[in-house]
Amino acid sequence: MGMVSENHFSFSNRSPTPKLCSSFTTRIFSDVAGDITIVVDGESFLLHKFPLVSRSGKIRKMVADTKDSSAKLELLDIPGGAQAFELAMKFCYGINFEITTVNVAHLRCAAEYLEMTEDYRDENLIARTETYLSEVVVESLEKSVEVLATCETLPSIAEEVEIPSRCVEAIAMNACKEQLASGLSMLSCGGESTELKSDRLEWWVEDLSILRIDYYQRVICAMTRLGVRPDSIFASLMHFAQASLKGVGKCQIWNPGKVNPIAGMAEHDQKTVVETLVSLMPTEKSCLVPLSFMFGMLRMAIMVDATIACRLELERRIALRLEMVSLDDLLIPSIQAGGSLYDVDTVHRILVNFLQRIEEEEESEDCGYESEGLGSPSHGSLLKVGKLIDSYLAEIAPDPYLSLPKFIAMIEILPDYARVIDDGIYRAVDIYLKVHSMMAEQECKKLCKFINCQKLSQEACNHAAQNDRLPVKMTVQVLYFEQLRLKNALSGSSGDGFPSQRISSGVPSAAMSPRDNYASLRRENRELKLEISRMRVRLSELEKEQLFMKQGMMDKTGNGKTFLTSLSKGIGRIGIFNGQAGGKPKKSGRKSRGSEGKTGRSKRYSVS
């Protein structure tokens with residue numbers, strides 16, 4: 001026998017003997033003396049009929065159904081294409097070739113397509129590929145990953161023969177074995193086990209990054225089901241994100257119009273990757289996801305227009321540890337054309353989630369009558385968030401495109417007890433007024449009403465008293481409360497004397513329920529802690545002011561003025577608190593106030 005082919009095959013002269021000897025097969029083999037042309041993906045193969053029909057049920061049926069012996073047989077949509085068919089033909093002709101992780105999935109699917117079962121010949125191609133899969137592939141995590149990666153180009157027939165599902169289970173099972181081996185080595189090797197564990201973790205984490213996202217999702221779900229450690233799973237998630245989304249850099253995030261799709265990955269694929277990775281993040285409290293990674297994923301989710309559920313999940317996770325967030329993390333660029341430079345709405349939702357969590361935990365503590373819950377955020381965490389948001393407000397205030405409603409929404413969302421002093425709000429408002437100089441007087445008053453003049457430090461009061469950008473009413477309030485503060489300081493009073501600081505006696509009312517009494521006591525306790533913090537700030541300021549006044553008296557300079565005399569003159573100019581002035585004070589415009597406040601402006605507190 002001989003064979004003529006465009007691929008110039010060489011094969012053994014042994015003629016295979018058919019296993020079946022029915023009348024149908026006898027008729028087939030009596031008519032296989034000639035050659036046959038088979039077309040696969042536009043490529044023609046001129047082959048002898050007998051080796052093919054002896055092993056392939058599909059080709060046997062096609063030959064039997066063809067009346068014209070010279071007709072071409074066309075194989076449509078064969079898995080693996082012409083390369084897989086060529087290997088299958090080599091197997092039929094007895095030509096030696098190696099089954100590897102690269103070609104085993106294609107060979108198995110091609111053999112299924114060609115119906116190369118044991119019904120036609122012992123140790124046919126299906127059996128040979130199944131042996132390699134069961135004895136070689138599934139025993140190795142690395143080989144299972146390689147075979148699973150090759151299934152990406154195969155049609156649905158790969159799922160029918162269950163190659164991906166077997167590889168997924170094998171990867172998860174071998175990962176569990178690696179985890180167990182790491183635990184045993186930790187017991188036996190002591191301090192060396194940590195290095196061994198990290199080395200083993202690193203290699204299989206890197207291997208998984210070559211998978212397509214849908215296969216990767218199935219692998220992670222299988223690992224979670226079989227009990228692989230959450231920290232190992234998260235390490236894999238981070239590596240996969242860095243490998244698959246590395247085409248988007250920081251400069252592209254700040255210039256979304258210049259973003260090009262990652263090579264080989266369309267925008268839709270990027271969106272799928274982000275949404276899938278977020279859904280796969282571990283939920284265990286023992287596995288803390290780095291906040292930098294969370295914000296990186298949030299920026300990517302915004303950029304690729306991920307689903308609302310995906311972005312809300314990231315915002316919820318960030319809100320759980322908002323007190324640990326840095327200012328740079330919150331500066332999320334906005335991708336909306338013509339809008340503000342920063343995504344203020346996202347930060348606002350994160351802050352809403354944070355405050356809702358605090359409220360829910362406080363309610364649960366009230367029901368349990370516990371003084372301090374283990375998982376409840378302390379007052380210190382609220383103060384940290386308050387300082388963080390004040391810094392954020394000062395950072396976004398110079399944005400000329402930031403609307404007043406958004407700016408006010410960020411200011412008013414935090415409760416009063418989240419800030420000890422209002423210097424941060426005052427600084428942010430002053431910057432906003434300086435940049436948005438064309439604001440109407442009514443809008444200016446609306447914005448400045450969120451500043452509590454009683455909670456301003458000495459330096460902030462000095463600056464506000466001479467700030468021509470503030471409304472007249474606020475300037476008057478600042479001077480009034482500074483006068484009360486100085487009177488208390490000179491009289492040696494321990495309190496500030498501010499009428500707004502009212503704290504009840506703490507005696508529970510008989511008309512209130514025990515739960516309401518407990519909630520009231522908790523609020524009073526929180527107010528007391530806040531008042532103590534404020535008194536410490538005031539005490540520090542008074543000590544500085546006393547030292548300043550002593551130095552002024554010792555210098556005895558001719559033109560030197562203490563803060564008390566300058567403040568008294570400032571009050572005398574306005575006249576609203578001067579008993580000799582009588583009548584109502586004359587209302588002055590903002591320009592006249594600006595000219596009056598330029599002389600003697602304090603340089604100790606600069607916000608520009």
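Residues numbered from 1 in each chain as written. Predicted model: local features only at pLDDT ≥ 70, side-chain atom pairs only at ≥ 80, totals over all residues. Heavy atoms only, no water.

- The name given to the protein in an unreviewed UniProt entry is BTB/POZ domain-containing protein, with Pyrus ussuriensis x Pyrus communis as the source organism.
- Looking at the protein in UniProt, the text filed under Pathway (unreviewed entry) is "Protein modification; protein ubiquitination."
- Here the protein is described in UniProt, under the heading Sequence similarities (unreviewed entry), as follows: "Belongs to the NPH3 family." (UniProt positions renumbered as here; feature names shortened; annotations may be inferred.)

**Details of the pairing of strand S1 (residues 35–40)**
Link 1 in the chain: Extensive coverage of S1 is indicated by the burial of 5 of its 6 residues.
Link 2 in the chain: Note: S1 against strand S2 (residues 43–48), 6 bridges, orientation antiparallel. Bridge assignment links Thr37 to a residue of S2, and that residue is Leu46.
Link 3 in the chain: A loop of 2 residues connects S1 with S2, the two strands running antiparallel in sequence, and Asp41 in this loop sits at a positive phi of about 55 degrees.
Link 4 in the chain: Looking at chain direction, S1 and strand S3 (residues 72–75) are connected through 4 bridges and run parallel. Residue pairing across strands places Ile38 opposite Leu73, the latter belonging to S3. (Buried < 20%, exposed > 50% of the residue type's maximum accessible area, 1.4 Å probe, protein only. Helix = DSSP H or I, 4+ residues; strand = E, 2+ residues; numbered from the N terminus. Pairing = 2+ DSSP bridges.)

**With respect to the packing of aromatic side chains**
Link 1 in the chain: One pass over the structure, following the stated rule, counts 5 aromatic pairs.
Link 2 in the chain: Their ring planes at 10 degrees and their centres at 4.5 Å tell us that Phe407 and Tyr432 sit as a pair that is stacked. Of this pair, Phe407 sits in helix H20 (residues 404–412) while Tyr432 sits in helix H21 (residues 423–435), and the two are 25 residues apart along the sequence. Taken as a pair, Phe407 and Tyr432 share a single burial class, namely buried.
Link 3 in the chain: Over the face of the ring belonging to Tyr113 we find Lys58, whose NZ or CZ atom lies 4.9 Å from the ring centre.
Link 4 in the chain: The residue whose ring lies beneath Arg212 is Tyr215, and the NZ or CZ to ring-centre distance is 4.8 Å. (Phe/Tyr/Trp six-rings, centres within 6.5 Å; stacked < 30°, edge-to-face > 60°. Lys NZ or Arg CZ within 6 Å of the ring centre and 35° of its normal.)

**Description of the nonpolar core**
Generally speaking, soluble globular proteins have nonpolar side chains that are buried together.
Link 1 in the chain: In this structure, Ile38, Phe85, Leu114, Tyr216, Met223 and Phe407 are the most contacted members of the largest nonpolar core, which totals 147 residues.
Link 2 in the chain: Ranked by residue count, the leading element in this core is helix H15 (residues 291–303), at 9 residues.
Link 3 in the chain: When near neighbours in sequence (up to four residues on either side) are disregarded, Met223 contacts Ile171, Ala172, Ala175, Trp204, Leu208, Val228 and Ile233. (Core = buried A, V, L, I, M, F, W, Y, C linked by side-chain atoms within 4.5 Å. Contact = heavy atoms within 4.5 Å.)

**So, helix H4 (residues 81–93)**
Link 1 in the chain: The terminal C-alpha atoms of H4, which comprises 13 residues, lie 19 Å apart, in line with the 18 Å expected from a rise of 1.5 Å per residue.
Link 2 in the chain: Positive backbone phi, at 80 degrees, marks Gly94, one or two positions downstream of H4. (Expected span 1.5 Å × (residues − 1).)

**Digging into unusual backbone geometry**
Link 1 in the chain: With a phi close to 55 degrees, Asp41 is a non-glycine residue in the positive phi region.
Link 2 in the chain: Phi at Glu115 is positive, roughly 60 degrees, even though this residue is not glycine.
Link 3 in the chain: With respect to the helices and strands, the residue Glu115 is situated in the loop between helix H5 (104–114) and helix H6 (125–137).
Link 4 in the chain: In this structure Glu115 comes out as partly exposed when scored by relative accessible area, which is 26%.

**So, the confidence of the model for the protein**
Link 1 in the chain: Of the residues in the protein, 66% have a pLDDT of 70 or more, and the chain-wide mean is 76.
Link 2 in the chain: Note that pLDDT drops below 50 for residues 558–608; the model gives that stretch 61 contacts with residues more than four away or on any other chain. (pLDDT = per-residue confidence, 0-100.)

**A few points about the packing of H20 against helix H22 (residues 441–448)**
Link 1 in the chain: Relative orientation of the contacting elements H20 and H22 amounts to 15 degrees, with a least axis distance of 10 Å. Classified by the angle between their axes, H20 and H22 sit roughly parallel to one another. Taken as a pair, H20 and H22 cross one another with a handedness that is left-handed. Along its contact with H20, which presents Leu404, Phe407, Ile408 and Ile411, the element H22 presents Glu443, Lys446 and Leu447.
Link 2 in the chain: The residue inventory of the contact of H20 with H22, partitioned by class, reads 5 nonpolar, no polar and 2 charged. (Axes fitted to C-alpha atoms, helices over the stretch in contact; angles between N-to-C directions. Parallel < 35°, antiparallel > 145°, perpendicular 65-115°, else oblique. Left-handed = near helix turned anticlockwise from the far one by under 90°. Nonpolar A, V, L, I, M, F, W, Y, C, P; charged D, E, K, R; others polar.)

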